[in-house]
Amino acid sequence: MDIPYTVEVRRDTGLTNGKIGIWLFLASEVMLFGALFASYILIRTGAPSWPRGDTILNVPLATFNTLVLISSSVTMVMAWASLMRHRFGTFRIYMGATILLGFVFLVVKYFEYSHKFENGLYPSTNNFLAIYFTLTGLHMLHVFGGMMVNAYFLGPGSKLWKTNPEWFANRVEHSGLFWHFVDLVWIFLFPTLYLL
Amino acid sequence: MTEPAAVAAPKPHIAHEVPHEALGFWRKYVFSTDHKVIGIQYAITGLLFLLFGFSLMMLMRWQLAYPGAALPLLGRLLGEARMPGGTMLPEFYNELGAMHGTIMVFLGVVPLAVGGFGNFVVPLQIGAQDMAFPRLNMASYWSFFLGGVTMLASFLVPGGAAQGGWTSYTPLSVLAGTGQTMWLIGMIFLITSSLLGAINFITTIIQLRAKGLTFLRFPFFVWTQFVTAFLLLLAFPPLEAAAVMQLMDRVAGTSFFLPSGLVVSGQVVAVAGGGNPLLWQHLFWFLAHPEVYVLILPGMGIVAEIIANNTRKPLWGYRSMVYSLVFLGFMSFIVWAHHMFMTGMGTAMAAFFQTTTMIISIPSVVILTALIISLWGGSIRFNTPMLFAVAFLPMFGIGGLTGLPLGLNVADIPLHDTYYVIAHFHYVVAPGTIFALFAGIYYWFPKATGRKMNETLGKIHFFGSLVCMNVVFMPMFLMGLAGVSRRLFDGGASYAFAQPVLHLNVVSSWGAWTLAIFQIPFIFNFFWSIWKGEQTDGNPWQATTIEWAAPSPPPHGNFPVAPEAYRGPYEYSVPGAAKDFLPQYEA
Amino acid sequence: MTSDHAADIDRHVRVYITVFGALMALTIITVVVSRFHLPVPIAVSVALLVATIKGSLVACYFMHLISEKKLIYAVLMLTAVFFVALLALPAVTVHNGYWIH
């Protein structure tokens, strides 16, 4: 038994199951981060005073991290484009770079976190740090999750390329959509937390 | 696409290379990816949780009817930490209350209505072989299962289960014991499960519907599941975020929900402060109001199927019902703060939310009215599923109409914290949704097993339950109107003004215990019929929708040939036709 | 598939590189602007405007939303409506009320 429309598109929707599935998942993710942003707005507008992010957080490191994540988005989309051009070797290079850049992001984040802890700044210190650690922590979990999926497609998952290249390219595209979404969230997190 | 050199095998699926019949016991019945097996797993787990949640309530009803009296036998078994000498401790009462609500909503009704009926029936009704993502479906069930186990285990941790009500209002819940942490972790599993399920349902309904099955040819049940899935998909994530924040408050010492200068037992709590307890309520009700519709919509869908089938008539106003349903789903996202009129909301926003609430009552009334008019002039077959479905109409009607005063800011304030609210939403969910779910079990049992459930036992179950449900909940309206608070450990015994209505507690309690007795015929019937019930063919109810084209029980892959839809879902008693029903799947 | 398709991808790749450059530039701009310590309402507007432009670029080009199917648009429109409700209504309701901070 084969589920239809895993590889070929259904004619009236023009989409595969996976494409709809990943977008629905991203819609729910929008609401997840939306609730955290809503909390940020409510708590900040209710607070008598609110620190500017750059007085507590390290803007140069975060700017670097923003550039890293944006670059990883480009390598991700290039990985997919390489598959569309049937260049499996190039795909592996770009996919590897994407994972590596994700790793760099996490390492920088680790130094940021540990620097805060060394200075006695914890989530419990004040609500600015509470929302900072919660939002970036949840975002880091997403980065980690995306890296795991990408690593799967670089490693054991890439066997599918030999048997069904079209399906494999679709899967990489979907994993890319998630990765770009994680990048997109960071694009909003960065000014909200660090610059305002 | 020019295929790479090494390509030869066109086979798209690796996972399905092993034929289903060759799978071992574990893969076939436990870690199955077949939507029917998962549906039945969900349904049975959901039914067990319903029974368990009901048992918690029966214990509470003892304390409410006879405050402070020792419960014979069972009381001592529950131990000194809960019921010393058989008398219930207030803390244990609170645990029972919080977990009754949580279990009934998140582990009982929703898994049965969406996970059970949705999984089993929807792919069959749209003529699909399975769900779009079978492995995701399995993950959804097991995530639900883990959530359930976490919730159950929370009774055993020191200090017992969560005591903050099913709403887990802050700041109380942040300061509560370990049980609350378990509750939050359990909720995160349950939310994950629902999200996976919702993605799967929407994709399946859009992509895998049979040839010719356009959206306006969907059975109403499919429509209800479709809208429900969207509610789950978009309303649950904010509660997940809120659960994460409450977990942070409890574990990492943040103050999302703790205001500055919070005083507990005369001591200022040592937290940073600056948080807002109302934030939790907003995020909670952003889910929990749509959740009300998650509870009721699948029930309406089941009732619509059974009414059309047993009146042998098309549903009256099918299109209006569908449009109402979609509108209702949309509106359900912007009415949530009517649960919060008591929190010192300003008049402008109160007016906004009471207006949206009045607006959302219109589509519900349209659907209910269409179902009632559908009965008109039909030659009705009063079999057990139909009895439950017909009873749903007035019971849900009572629940819905008594909700209107609660949607109005001014009327809500005196009523909100009384038993009136308990009576209102239990009429919606207990004799409402749960009756619809019973109807669905009797109706689709032959599809799942190939045998019908016994009619006599079914009727005993129905009439007993109908009477008892009303004996349980009708007195609560009176107590609520008399002003008795819904959160009292002694049921109001210590309040002078409650004395004239106090005897109603005893009536409710005996109603609840008798209700339990009337579930015994159902439980017996359920198991007995699996092996000994009257054998049936594929379409025992002479129904029109596509699930009846499959053999009973349907094999893996469901249909011998892929069905096609040629007409709308309820072509009953068509003039000039040879039989009184024209199935969707017959050319 | 055809060589048409390959040319298509080549064009895509050029777009990706352009978008990449724009994203880098906008990141630098937003950081530099924050150095000026503008009044809070203006700073918020500028930062969110830049973030929205960047976000749209990612969504439109990397996530191919610019040429997606209607169904996906419908789902995202629905999500956007509820997202706005979720962002605005709790804060508005709390601040319209009698809650003491």
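Not measured: the values here are computed from a predicted model.

The rules behind the values
- One numbering rule holds for all chains: residues counted from 1, following each sequence as written.
- Chains carry letters from A onward and ligands carry numbers from 1 onward, assigned in written order.
- Given that this is a predicted model, residues contribute local features only at a pLDDT of at least 70 and side-chain atom pairs are listed and counted only at 80 or more, while totals for whole chains, interfaces and linings are drawn from all residues.
- To get the side-chain values, take all heavy atoms of the structure and skip hydrogens and water.
- Numbered from the N terminus, helices here are DSSP runs of H or I no shorter than four residues, and strands are runs of E no shorter than two.
- What the globule rule says is 2.2 Å times the number of residues to the power 0.38, and the radius of gyration is computed from C-alpha atoms.
- When accessible area is computed with a 1.4 Å probe and restricted to protein chains, residues below 20% of their type maximum are described as buried, those above 50% as exposed, and intermediate ones as partly exposed.
- We call two residues in contact whenever any of their non-hydrogen atoms come within 4.5 Å of each other.
- Stacked, edge-to-face and tilted labels apply to pairs of Phe, Tyr and Trp rings (six-membered ring for Trp) whose centres lie within 6.5 Å, assigned for plane angles under 30 degrees, over 60, and everything in between, in that order.
- For a lysine, the NZ atom is tested; for an arginine, the CZ atom; a charge sits over a ring if that atom is within 6 Å of the ring centre and within 35 degrees of the ring normal.
- For every domain, the bounds stem from an assignment made automatically or drawn from a database.
- We count a salt bridge whenever a side-chain nitrogen from Lys or Arg sits within 4 Å of a carboxyl oxygen from Asp or Glu.
- Residues counted as positive are Lys and Arg, residues counted as negative are Asp and Glu, and His and the chain ends are not counted.
- Polar contacts, as counted here, are pairs of nitrogen or oxygen atoms within 3.5 Å of one another; within protein the pair requires one atom able to donate a hydrogen and one able to accept it, and residues that are adjacent in sequence qualify only if both atoms are side-chain atoms.
- Summed over both partners, the accessible area (1.4 Å probe) lost when two parts come together is defined as the buried area.
- When residue character is reported, Ala, Val, Leu, Ile, Met, Phe, Trp, Tyr, Cys and Pro are called nonpolar, Asp, Glu, Lys and Arg charged, and the others, Gly included, polar.

> Any chance you could break down the overall build of chain C for me, citing the residues and the numbers?
If you tally the helices and strands in chain C, you get three helices and zero strands. Written out in order from the N terminus, the α and β elements of chain C read α-α-α. For chain C, the C-alpha radius of gyration of 19 Å lies well beyond 13 Å, the compact-globule estimate for 101 residues. The C-alpha extent of chain C, read off along each of the three principal axes, is 65 × 40 × 15 Å. Split into buried and exposed, the 101 residues of chain C put 36% on the buried side. In chain C, 60% of the contacts between residues at least 6 apart in sequence involve partners at least 24 apart.

> Any chance you could break down the packing of aromatic side chains for me, citing the residues and the numbers?
Aromatic rings considered in pairs are described by the distance between their centres and by the relative angle of their planes. Applying the stated rule across the entire model yields 81 aromatic pairs over all chains. Ring geometry for Y132(A) versus Y194(A): centroids 6.0 Å apart, planes at 80 degrees, classification edge-to-face. On the criterion of sequence distance, the pair formed by Y132(A) in helix α5 (residues 127-154) and Y194(A) in helix α7 (residues 165-195) is long-range, its members being 62 residues apart. Residue Y132(A) shares its accessibility class with Y194(A), and that shared class is buried. Taken together through their ring pairs, the aromatic side chains of F25(B), W26(B), Y29(B), F31(B), Y42(B), F49(B), Y141(B), W142(B), F144(B) and F145(B) make up a single cluster. Taking the ring centre of W167(A) as reference, the NZ or CZ of R171(A) above it sits at 4.8 Å. Between the NZ or CZ atom of K452(B) and the centre of the ring of W541(B), over which it lies, the distance is 4.5 Å.

> For the domain arrangement of chain C, give the residues involved together with the corresponding values.
How big an interface is tends to be stated in terms of accessible area lost as the parts join. What the domain assignment lists for chain C is domain 1 (1-67) and domain 2 (69-101). For domain 1 of chain C and domain 2 of chain C, the distance between their C-alpha centroids amounts to 25 Å.

> Which residues make up the pattern of salt bridges, and what are the values?
On inspection of all chains with the given rule, the structure shows 14 salt bridges over all chains. Across the salt bridge formed by E173(A) and K19(A), the nearest N and O atoms sit 3.4 Å from each other. Here E173(A), found in helix α7, pairs with K19(A), found in helix α1 (residues 17-46); they are 154 residues apart in sequence, far enough to count as distant. In this structure E173(A) comes out as buried when scored by relative accessible area, which is 13%. Overall, K19(A) belongs to the buried group, its relative accessible area being 12%. In this structure, D8(C) and R11(C) form a salt bridge, with 2.8 Å as the shortest nitrogen-oxygen distance. Linking D8(C) with R11(C), this pair stays in helix α1 (residues 3-35), spanning three residues, or about one helical turn. The partly exposed category is assigned to D8(C), whose relative accessible area is 30%. On the accessibility criterion, R11(C) (46% relative accessible area) is partly exposed.

> Describe the side chain of E240(B), listing the residues and the values that go with them.
By secondary structure assignment, the location of E240(B) is in helix α8 (residues 220-251). Of the side chains with opposite charge, R250(B) lies nearest to the buried E240(B), which makes no salt bridge, at 16 Å. For E240(B), the side chain forms a polar contact with the side chain of T192(B), separated by 3.5 Å. If we ignore the near neighbours within four places in the chain, the residues touching E240(B) are L32(A), I188(B), I191(B), T192(B) and L195(B).

> Residue-level account of the interface of chain A and chain B, with values.
Counting from both sides, the interface comprises 44 residues of chain A and, opposite them, 50 residues of chain B. Summed over both partners, the interface of chain A with chain B buries about 4000 Å², with 69% contributed by carbon and sulfur atoms. Summed over the shared surface of chain A and chain B, the number is one salt bridge. For R209(B), the salt bridge goes to D12(A), with nearest N and O atoms at 3.1 Å. Inspection of the region where chain A meets chain B yields nine residue pairs in polar contact (both at pLDDT 80 or more). Ranked by residues supplied to the side of chain A that touches chain B, first place goes to α1(A) with 15 residues. When grouped by side-chain class, the residues that make up the side of chain A that touches chain B number 23 nonpolar, 16 polar and five charged.

> Quick rundown of the interface of chain C and chain B? Include the residues and the values.
Contacts between chain C and chain B engage 19 residues on the former and 24 residues on the latter. In this assembly, chain C packs against chain B so that about 2000 Å² is buried in total across both faces, 80% of it on carbon and sulfur atoms. Applying the counting rule to chain C against chain B returns zero salt bridges. At the junction of chain C and chain B, the tally comes to one residue pair in polar contact (both at pLDDT 80 or more). Class assignment of the residues belonging to the side of chain C that touches chain B gives a composition of 14 nonpolar, five polar and no charged.

> Now, about the side chain of T544(B): what can you tell me, with residues and values included?
With respect to the helices and strands, the residue T544(B) is situated in the segment after α18 (520-532). When neighbours within four sequence positions are excluded, T544(B) is seen to be in contact with P569(B), Y570(B), E571(B), Y572(B), F581(B), L582(B), P583(B), Q584(B) and Y585(B).

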